[in-house]
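Structural features, examined
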Amino acid sequence: MVTIQTPIKSYESNQHNLLESITTLHCPDGIECDVTYGMGGFYKDLPRPRLCFDIQPLTDFVIKADTKSLPVKTQSIKSIVFDPPFLTYIRNGRDHADGQMKLSKRFGGFWHYSDLVAYYEKSLVEIQRVLSKKGILIVKCQDIRYNHILKPTHMFIADVC
């Protein structure tokens, strides 16, 4: 009798199942670090990472740190999750003081696409610094429209890395 194991998919219908599949395939010991932890919704059914950073921590265990300057030694992290802001046209940028959009109040964002690009570039350089050789970087990103032009963020990130 042959036992057929259900394959682990590299695509899913929701972010929780996707992160679980990625973890199973590439990070069997769990994800070590999340540099944009937020409220931790990504880890619904998974252990939270050993290190959690955010520019505006919402819980006690999250360390206040900017993704462009992480308080971590060079090549010291085996796996990192980076779920950066993706919103543009948010007045006052990350301060979102007068933002009317509910998403901007929850996630923050940038007024100009060039600000978002600069943030991604600087963050990815810093993440590459702290990621160990053969380390795993998991990026959650979203392609956006800016000034009626599609900006394929996933391709930009692939080019930077």
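The paragraphs below set out a description of the structure included in this document. (Residues numbered from 1 in each chain as written. Predicted model: local features only at pLDDT ≥ 70, side-chain atom pairs only at ≥ 80, totals over all residues. Heavy atoms only, no water.)

Thoughts on helix α1 (residues 15-26)
- Over its 12 residues, α1 runs 16 Å from end to end, which matches the ideal 16 Å to within 8%, given 1.5 Å per residue.
- Residues Leu-19, Ser-21 and Thr-23 constitute the buried set of α1.
- For α1, the N-terminal capping position is held by Asn-14, with its side-chain oxygen 3.0 Å away from the main-chain nitrogen of His-16. (Helix = DSSP H or I, 4+ residues; strand = E, 2+ residues; numbered from the N terminus. Expected span 1.5 Å × (residues − 1). Buried < 20%, exposed > 50% of the residue type's maximum accessible area, 1.4 Å probe, protein only. Polar contact = N/O pair within 3.5 Å; in protein donor to acceptor, adjacent residues only side chain to side chain.)

Brief notes about the nonpolar core
- In terms of nonpolar packing, the biggest core is built from 22 residues, with Cys-33, Val-35, Phe-53, Leu-70, Ile-77 and Ile-80 touching the most fellow members.
- Mapped onto this core, the elements with two or more residues apiece are β2 (51-54), β4 (77-82), α3 (113-130) and α4 (153-160).
- The leading source of residues in this core is α3, at 8 residues.
- Excluding its chain neighbours within four sequence positions, the residues that come into contact with Ile-80 are Cys-33, Val-35, Ile-127, Val-130, Leu-131, Ile-136, Leu-137 and Ile-138. (Core = buried A, V, L, I, M, F, W, Y, C linked by side-chain atoms within 4.5 Å. Contact = heavy atoms within 4.5 Å.)

Remarks on the layout of surface pockets
- Its boundaries defined by the atoms lining it, the second largest pocket holds a volume of some 150 Å³.
- Contributing to the lining of the second largest pocket are His-26, Cys-27, Pro-28, Asp-29, Gly-30, Ile-31, Glu-32, Lys-78, Ser-79 and Ile-136.
- A per-class count over the lining of the second largest pocket returns 4 nonpolar, 3 polar and 3 charged. (1 Å grid on protein atoms, 1.4 Å probe; cavity = no way out; pocket = protein on both sides within 12 Å on 5 of 7 lines; lining within 4 Å. Points joined across faces, edges and corners; volume = space filled by probe spheres on them. Nonpolar A, V, L, I, M, F, W, Y, C, P; charged D, E, K, R; others polar.)

What about α3?
- Taking 1.5 Å per residue, 18 residues should reach 26 Å; α3 reaches 26 Å between its end C-alpha atoms and fits that length.
- When α3 is considered as a whole, its buried residues turn out to be Tyr-113, Leu-116, Val-117, Tyr-119, Tyr-120, Ser-123, Leu-124, Glu-126, Ile-127 and Val-130.

Examining the side chain of Asp-34
- Assignment of secondary structure puts Asp-34 in strand β1 (residues 33-34).
- Buried charged residue Asp-34 carries no salt bridge. Nearest counter-charge: Lys-140, at 9.6 Å.
- From its side chain, Asp-34 meets the backbone nitrogen of Thr-36 in a polar contact 2.8 Å long.
- At a separation of 2.6 Å, a polar atom in the side chain of Asp-34 contacts the side chain of Tyr-43.
- With sequence-adjacent residues up to four places away left out, Asp-34 is seen in contact with Tyr-43, Pro-49, Leu-51, Cys-52, Phe-53 and Val-81. (Lys, Arg positive; Asp, Glu negative; His and termini not counted. Salt bridge = Lys/Arg side-chain N within 4 Å of Asp/Glu carboxyl O.)

Considering the pattern of salt bridges
- Inspection of the entire model under this criterion finds 4 salt bridges.
- A salt bridge links Glu-32 to Arg-50; the nearest nitrogen and oxygen atoms lie 2.6 Å apart. One end of the pair, Glu-32, is in the loop between α1 and β1; the other, Arg-50, is in the loop between β1 and β2, with 18 residues separating them in the sequence.
- Classification of Glu-32 by relative accessible area gives buried; the value is 15%.

This is a description of form; function is not addressed.
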